[in-house]
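Survey of secondary and tertiary structure
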Amino acid sequence: MAIGGDAAGLEIGVGDGAGDDNIILNPEFDSGLDNWSGNGCKLELHDSLDDGKVVPANGKYFVAATGRTDTWNGVQQDVTSRMQRKLLYEATATVRLHGGAAGASVAPCEVRATLGVQTADGRQQYLAVGKSSTVSDKEWVQLQGKILLNSTVAKASIYIEGPPAGVDVLLDSLVVKHAQKTPPAPAPDFEKLEYGANIIQNSNLDDGLNGWFPLGPCTLSIHDGGPRVLPPMAQESLAPLDDEPLNGKHIHVTNRTQTWMGPAQVITDKLTLYATYQVSAWVRVGGGATSPQNINVAVAVDSQWLNGGQVLAIDERWYEVGGAFRVEADKPATRVMVYVQGPDAGVDLMVAGLQVFPVDRKARVKHLKRLTDKVRKRDVVLKVTGADGGAAAAKDDIVDVRVRQVSNSFPLGACIMRTNMDNEDFVDFFTKNFNWAVFGNELKWYWTEPQRGQVNYSDADDLLRLCSDHGMSVRGHCIFWEVENAVQQWVKTLSHDDLSAAVKSRITDLLTRYKGKFKHYDVNNEMLHGSFYQDKLGKDIRATMFKTAGELDPDALLFVNDYNVESMCDIRATPEAYIQQIVGLQEQGAPVGGVGLQGHVSNPVGPVIRSVLDRLAVLGLPIWFTEVDVSSANEHVRADDLEVMLREAYAHPAVEGVMLWGFWELFMSRDDAHLVDAEGEVNEAGRRLLQLKREWLTHAHGKADANGEFKFRGHHGEYHVDVTTATGKISQTFTVDKDDAPLVLNIKV
């Protein structure tokens with residue numbers, strides 16, 4: 001039943017029902033439509049609809065946004081005077097859809113809560129608060145999310161939007177409160193965890209098929225002729241814990257009528273929550289396959305499916321499959337099963353030496369430190385001489401030398417977006433802890449030209465100016481994006497000739513405008529996972545993009561960039577497929593200058609990461625991790641994940657830089673991935689980053705020897721040295737570049 005008509009302005013009153021700390025006024029419409037308005041539509045107040053079939057979920061009334069002619073139309077409230085910047089808010093909206101006067105049934109669709117902001121300098125921003133894609137006319141649904149306002153604003157309004165035009169949006173209540181901080185969970189207890197112990201029963205098949213069962217009505221049997229050594233990735237993790245060879249036995253699976261059929265084991269009682277398990281096995285397909293076959297080690301955790309690793313078998317050889325998984329939950333799962341699956345129905349599957357074991361990350365750190373010492377350090381000899389050129393120590397009894405590294409030259413960067421510039425706390429952490437930058441969206445084509453002919457580089461210009469002011473190098477991400485859902489609608493509708501012209505215009509305008517400004521460009525993002533431009537413009541377009549970019553900005557390194565390659569979990573993105581793509585581009589004359597691994601990794605395991613890096617290193621190109629983020633609800637586990645990624649990268653000679661895909665809460669592409677919370681507090685993962693940065697700075701102190709020499713081995717980068725003798729003190733700065741030969745520096749006192 002309708003209670004009132006159009007909204008009547010923005011009178012300020014006190015709402016009931018949500019507590020004094022709710023910044024939304026009249027949150028359950030007890031005061032009618034006071035403080036509410038329609039954003040491009042009309043509002044109606046109701047106590048029921050459809051003869052009582054739709055009634056309020058909480059209070060006495062709800063509001064309907066009617067007469068909607070666009071997706072952004074909906075109910076809104078101005079919160080300008082009540083929302084504080086740099087304060088984290090939690091929002092909960094109770095919403096529903098309605099077919100309007102016609103009463104037509106409404107299919108489920110996405111409804112969003114959005115904060116629309118006009119900044120003090122006139123820029124318009126739209127910040128996502130929360131959304132649900134399952135809102136319908138059947139029941140009330142809660143949208144939940146968080147908001148952080150970075151900017152000083154002239155106006156801020158929160159509104160509900162999303163459904164197609166003509167669909168009424170119902171709002172029952174809206175609560176926006178300052179988010180209460182939850183104490184972080186303690187580090188998981190791994191005291192009783194036996195690292196390296198295989199939790200697969202009878203892995204070597206010495207006891208027949210005991211412990212194994214067929215998943216589905218397939219047939220398992222044991223045969224000889226399998227590999228007699230552990231797969232290399234397992235060897236690297238288990239040495240020197242387990243050097244036992246395999247016995248050559250393997251499981252042969254026949255009568256497979258579905259892709260998911262294969263050998264399985266239940267491992268429920270053997271898992272430790274939050275522990276990272278490495279997966280390793282030899283796998284093979286039998287005859288009858290007419291195309292490459294996907295083979296996957298899968299982990300079923302109750303109703304959840306986890307990917308333990310994948311490989312693409314292109315012939316009947318034995319292949320190593322490797323990966324990792326982790327079960328994160330408040331309580332143990334009811335049932336956990338590991339199984340091997342994937343090949344087409346009718347294709348036989350063979351499995352040998354399946355290993356699933358918890359990884360000892362601390363043990364690997366010692367190994368990585370030794371590798372780091374070889375790859376990222378150089379011997380330095382400081383020769384202290386007197387004015388006559390003789391050794392200072394020969395004249396003076398004491399020559400005190402104190403060396404302090406000011407900065408490490410290894411590129412360590414992070415992602416920044418235009419809205420982050422308005423938060424001085426974000427900028428402070430960003431500029432103090434990183435020496436490279438990449439823009440989240442602001443250089444992408446859909447951002448700079450959302451509508452045909454409406455080109456705007458102002459956000460990119462602002463970000464570039466900030467980075468330049470702080471001496472930061474910048475990666476250009478990205479010129480094009482090959483995945484179709486990342487291509488703006490107007491580009492999709494172009495004819496072949498118009499698209500070709502638009503592509504040429506885009507690359508010419510961008511690289512001419514910013515010539516010399518970006519050290520790298522990701523030329524055509526994610527070519528392993530998309531083919532929009534290649535499908536529309538032919539197989540030569542990718543090489544043409546590289547060649548054109550190289551001609552327009554010859555000093556920029558031109559990168560391929562893709563995801564999942566480093567994880568061994570995606571048959572579209574195997575290291576071999578990446579190498580084949582890069583070599584193919586080079587054969588077409590494309591000046592590919594670098595290999596980008598995005599690094600959106602879950603449960604990283606060192607030997608798996610290093611195996612991929614070793615394979616890609618044969619290309620002889622610099623490898624960069626370009627978009628690293630790791631995710632875990634437990635920030636101690638998240639810190640361990642981040643440390644794995646950073647140490648593996650820093651210890652590998654082919655890796656020349658690492659970029660984090662954000663670090664600040666609410667400005668990450670994944671949940672539970674931030675290093676700093678929304679209000680600026682550094683968490684355990686952030687502290688681990690800072691700890692590694694300190695570890696990778698060299699400090700040395702001592703006396704020069706009788707020859708006036710002081711020797712040390714230090715990380716590459718900038719240094720400051722103080723030399724003190726009986727007659728005075730001299731200070732000097734110097735740079736330790738990468739080189740195998742010792743750096744000899746003469747210091748006269």
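Residues numbered from 1 in each chain as written. Predicted model: local features only at pLDDT ≥ 70, side-chain atom pairs only at ≥ 80, totals over all residues. Heavy atoms only, no water.

1. Let's talk about the overall build of the protein chain
Scanning the protein chain for helices and strands turns up 14 helices and 37 strands. For the protein chain, whose C-alpha radius of gyration is 30 Å, the value lies close to the compact-globule estimate of 27 Å for 749 residues. The principal-axis extent of the C-alpha atoms belonging to the protein chain is close to 95 × 75 × 60 Å. Scored against the burial criterion, the 749 residues of the protein chain give a buried share of 56%. Contacts spanning at least 24 positions in sequence make up 77% of the contacts within the protein chain whose residues lie at least 6 apart. Entry remark: accessible area of the protein chain is about 32000 Å², with carbon and sulfur atoms responsible for 48%. The protein chain carries 73 positive and 99 negative side-chain charges, and their two centres are separated by 5 Å. (Helix = DSSP H or I, 4+ residues; strand = E, 2+ residues; numbered from the N terminus. Rg over C-alpha atoms; globule rule 2.2 N^0.38 Å. Buried < 20%, exposed > 50% of the residue type's maximum accessible area, 1.4 Å probe, protein only. Contact = heavy atoms within 4.5 Å. Areas by Shrake-Rupley, 256 points an atom, 1.4 Å probe, with all protein chains shown as cover. Lys, Arg positive; Asp, Glu negative; His and termini not counted. Charge placed at Lys NZ, Arg CZ, Asp CG, Glu CD.)

2. A short note on the environment of L494
In this structure, L494 sits in the loop between helix 7 (489–492) and helix 8 (496–513). Sequence spacing of L494 and V297 is 197 residues, and the spatial spacing of their C-alpha atoms is 42 Å. Apart from residues no more than four positions distant in its own chain, L494 is found in contact with R452, L499 and A502.

3. Brief notes about the sheet that holds strand 36 (residues 728–736)
A sheet is described by the order of its strands in space; here four strands give the open sequence 33-23-35-36, paired in antiparallel fashion. With partners counted over all chains shown, the strands left at the sheet margins are strand 33 (699–703) and strand 36, one partner each. Between one strand and the next, the sheet's axes are offset by a mean angle of 15°, whatever the strand orientation. Summarising the sheet, strand 23 (residues 400–408) and strand 35 (residues 717–725) pair through eight bridges and their orientation is antiparallel. Paired with R402 across the two strands is D722, which belongs to strand 35. (Pairing = 2+ DSSP bridges. Axes fitted to C-alpha atoms, helices over the stretch in contact; angles between N-to-C directions.)

4. Things to note about the domain arrangement of the protein chain
Domain annotation of the protein chain identifies domain 1 (36–178), domain 2 (213–359) and domain 3 (427–685). With centres defined by C-alpha atoms, the gap from domain 1 to domain 3 works out at 34 Å. Contacts between the two partners involve eight residues from domain 1 and, on the opposite side, six residues from domain 3. Carbon and sulfur atoms supply 60% of the area buried between domain 1 and domain 3, which totals about 580 Å² over both sides. When the area that domain 1 buries against domain 3 is broken down by residue, the three leading residues are L88, K146 and L148, summing to 64%. Linking domain 1 with domain 3 are one salt bridge, by the criterion used here. Two residues, E665 and K146, come together in a salt bridge whose shortest N-O distance is 3.5 Å. In this assembly, domain 1 and domain 3 are joined by two residue pairs in polar contact (both at pLDDT 80 or more). Element by element, the count of residues in the side of domain 1 that touches domain 3 is highest for strand 9 (residues 141–148), at three residues. Counted by class, the side of domain 1 that touches domain 3 contains four nonpolar, two polar and two charged residues. (Domains from an automatic or database assignment. Buried area = accessible area lost by both parts, 1.4 Å probe. Salt bridge = Lys/Arg side-chain N within 4 Å of Asp/Glu carboxyl O. Polar contact = N/O pair within 3.5 Å; in protein donor to acceptor, adjacent residues only side chain to side chain. Nonpolar A, V, L, I, M, F, W, Y, C, P; charged D, E, K, R; others polar.)

5. Focus: the sheet that holds strand 8 (residues 124–135)
Across the sheet, five strands lie side by side as 2-5-10-7-8; this open sheet has antiparallel pairing. Edge positions in the sheet fall to strand 2 (37–39) and strand 8, since each of these pairs with one other strand and no more. Direction aside, the axes of adjacent strands within the sheet are offset by 25° on average. As paired strands, strand 7 (residues 109–119) and strand 8 are joined by nine bridges and run antiparallel to one another. By the bridge assignment, T114 is partnered in strand 8 with A128.

6. Considerations on the packing of helix 2 (residues 361–375) against helix 13 (residues 635–650)
Between two packed helices, what matters for the description is the angle formed by their axes and the separation of those axes. It is the contact of helix 2 with helix 13, at a shortest axis distance of 9 Å, that shows an interaxial angle of 30°. Taken together, helix 2 and helix 13 sit at an angle that is classed as roughly parallel. The crossing of helix 2 and helix 13 is left-handed. Contacts between helix 2 and helix 13 involve R361, R364, V365, L368, K369, T372 and V375 on the former and, on the latter, V637, D640, D641, E643, V644, R647, E648 and Y650. In the contact of helix 2 with helix 13, the residues fall into six nonpolar, one polar and eight charged. (Parallel < 35°, antiparallel > 145°, perpendicular 65-115°, else oblique. Left-handed = near helix turned anticlockwise from the far one by under 90°.)

7. Description of the pattern of salt bridges
Taken as a whole and assessed by the stated rule, the structure comprises 43 salt bridges. The salt bridge involving R687 is made with E684; its shortest N-O contact spans 3.2 Å. One end of the pair, R687, and the other, E684, are both in helix 14 (residues 684–695), three residues apart, so they sit about a helical turn from each other. Using a relative accessible area of 39% as the deciding quantity, one classes R687 as partly exposed.

8. Describing the state of the cysteines
Under the definition given, this model contains zero disulfides. Of all cysteine sulfurs, the one in C41 lies closest to C109, which takes part in no disulfide; the gap is 15 Å. Residue class for C109 comes out buried when judged on its relative accessible area of 15%. The thiol of C467 is not disulfide-bonded; the next cysteine sulfur, from C415, is found 10 Å away. (Disulfide = S-S within 2.5 Å.)

9. A word on the packing of helix 8 against helix 10 (residues 541–552)
Where helix 8 meets helix 10, the closest approach of the two axes is 10 Å, and the angle between their N-to-C directions is 30°. As the angle between them shows, helix 8 and helix 10 are arranged roughly parallel. Both helix 8 and helix 10 take part in a crossing whose hand is right-handed. Two secondary-structure elements touch here, helix 8 through V503, I507, T508, L511 and T512 and helix 10 through M545, T548, A549 and L552. Broken down by class, the residue content of the contact of helix 8 with helix 10 amounts to six nonpolar, three polar and no charged.

10. Topic: the pairing of strand 22 (residues 377–385)
Counted residue by residue, strand 22 has seven buried out of nine residues, so it is predominantly covered. With seven bridges connecting them, strand 22 and strand 34 (residues 709–715) associate as antiparallel partners. Residue L382 lies in a different strand from strand 34, and its bridge partner there is F710.

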